[in-house]
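Reading the structure
Each chain is listed here by its residues.
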Amino acid sequence: NDVIQAGLSAVSNNSLNVIRLENSGSSYPSFNGSIDSVNYTTNEVTMLGELANPEYYVGCGLTVANTSGHIESKKISTVTVNNNGGIYTTVFKLVSGQNLHSGIGQVSFLVSPYVNITSDSGTLASAYCEVSKASTELLGKISRINVIKFGGGYKDATITIESGIG
């Protein structure tokens, strides 16, 4: 896990609007695709296809975006690959209490390191990482952290980048 520095905005509610990356790390996992189904009862997201080395993605973030611009990021607790008569599916189970919004539907997703934001004062901020896929020395390094929700009440924040491997 890498700890990075948070920047607080100057507005009156002390929202978290900038996250400065102090260490871009290396060998972080990242891939994107389309969600085939969401089971809101079991908190599982399924994609078609077989994912090699599923344990590599446990602890990462699953960021989903629908066509109307709704974005959210949740932490992955387990990844399971199923084979049903030669048809492979990969199931991402999310950490308990991190349920997807029920209207998210079938959308695109990004798996990348999870951005864990903790604070003694502020709440509700969320963000996700983008990882470089360039075939250079930047491959596997965090290239950007995007703030999804600014939250409020922040006087302090600790932001930790979490992934199965990195």
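Heads up: these notes are all about the structure in this document. (Residues numbered from 1 in each chain as written. Predicted model: local features only at pLDDT ≥ 70, side-chain atom pairs only at ≥ 80, totals over all residues. Heavy atoms only, no water.)

Quick notes on the pairing of strand E5 (residues 44-48)
The line we're drawing: Between any two strands, pairing holds if DSSP finds at least two bridges. Helix numbering and strand numbering both begin at the N terminus, where a helix is a DSSP run of H or I of at least 4 residues and a strand a DSSP run of E of at least 2.
Sheet analysis places strand E4 (residues 37-39) next to E5, joined by 3 bridges and oriented antiparallel. Residue Val38 lies in a different strand from E5, and its bridge partner there is Val45. When E5 meets strand E8 (residues 87-94), the two strands line up antiparallel, connected through 5 bridges. Each bridged residue has a counterpart across the sheet, and for Glu44 the counterpart in E8 is Lys93.

A closer look at the layout of surface pockets
It is a probe the size of a water molecule, rolled over the atoms, that shows where empty space is left. Operational definition: A cavity, in this analysis, means grid points on a 1 Å lattice covering only the protein atoms where a 1.4 Å probe fits yet has no way out; a pocket is instead an open set bounded by protein on both sides within 12 Å along at least five of seven lines, and a residue lines either one if it has an atom within 4 Å of a point. Grid points are joined across faces, edges and corners, and a volume is the space filled by probe spheres set on the points. Amino acids are sorted into nonpolar (Ala, Val, Leu, Ile, Met, Phe, Trp, Tyr, Cys and Pro), charged (Asp, Glu, Lys and Arg) and polar (every other residue, Gly among them).
Reported here for the largest pocket is a volume of approximately 340 Å³. In this structure, the largest pocket is lined by 20 residues; those nearest its centre are Ser73, Tyr114, Leu124, Ala125 and Ser126. Of all elements in the fold, only strand E7 (71-84), strand E9 (108-118), strand E10 (126-131) and strand E11 (142-149) reach the threshold of two or more residues within the lining of the largest pocket. Here the element with the most residues in the lining of the largest pocket is E9; it accounts for 5 residues. Here the lining of the largest pocket is built from residues that sort into 9 nonpolar, 8 polar and 3 charged.

Overview of the pattern of salt bridges
Working definition: two side chains of opposite charge can pair if their charged atoms are close together. Put simply, the test is: Criterion for a salt bridge: a side-chain nitrogen of Lys or Arg within 4 Å of a carboxyl oxygen of Asp or Glu. Between buried and exposed lies partly exposed: a residue is buried under 20% and exposed over 50% of the maximum accessible area for its type, with that area taken using a 1.4 Å probe on protein chains only.
Under the defined criterion, the tally for this structure stands at 2 salt bridges. For Lys74, the salt bridge is made with Glu72, and the minimal N-O distance between the two is 3.7 Å. With its nearest N and O atoms 2.5 Å apart, the salt bridge here joins Glu162 to Lys75. With a gap of 87 residues between them, Glu162 in strand E12 (residues 158-162) and Lys75 in strand E7 connect regions that are remote in the sequence. By relative accessible area, which is 11% here, Glu162 ends up buried. Exposure remark for Lys75: the relative accessible area of 22% places this residue in the partly exposed category.

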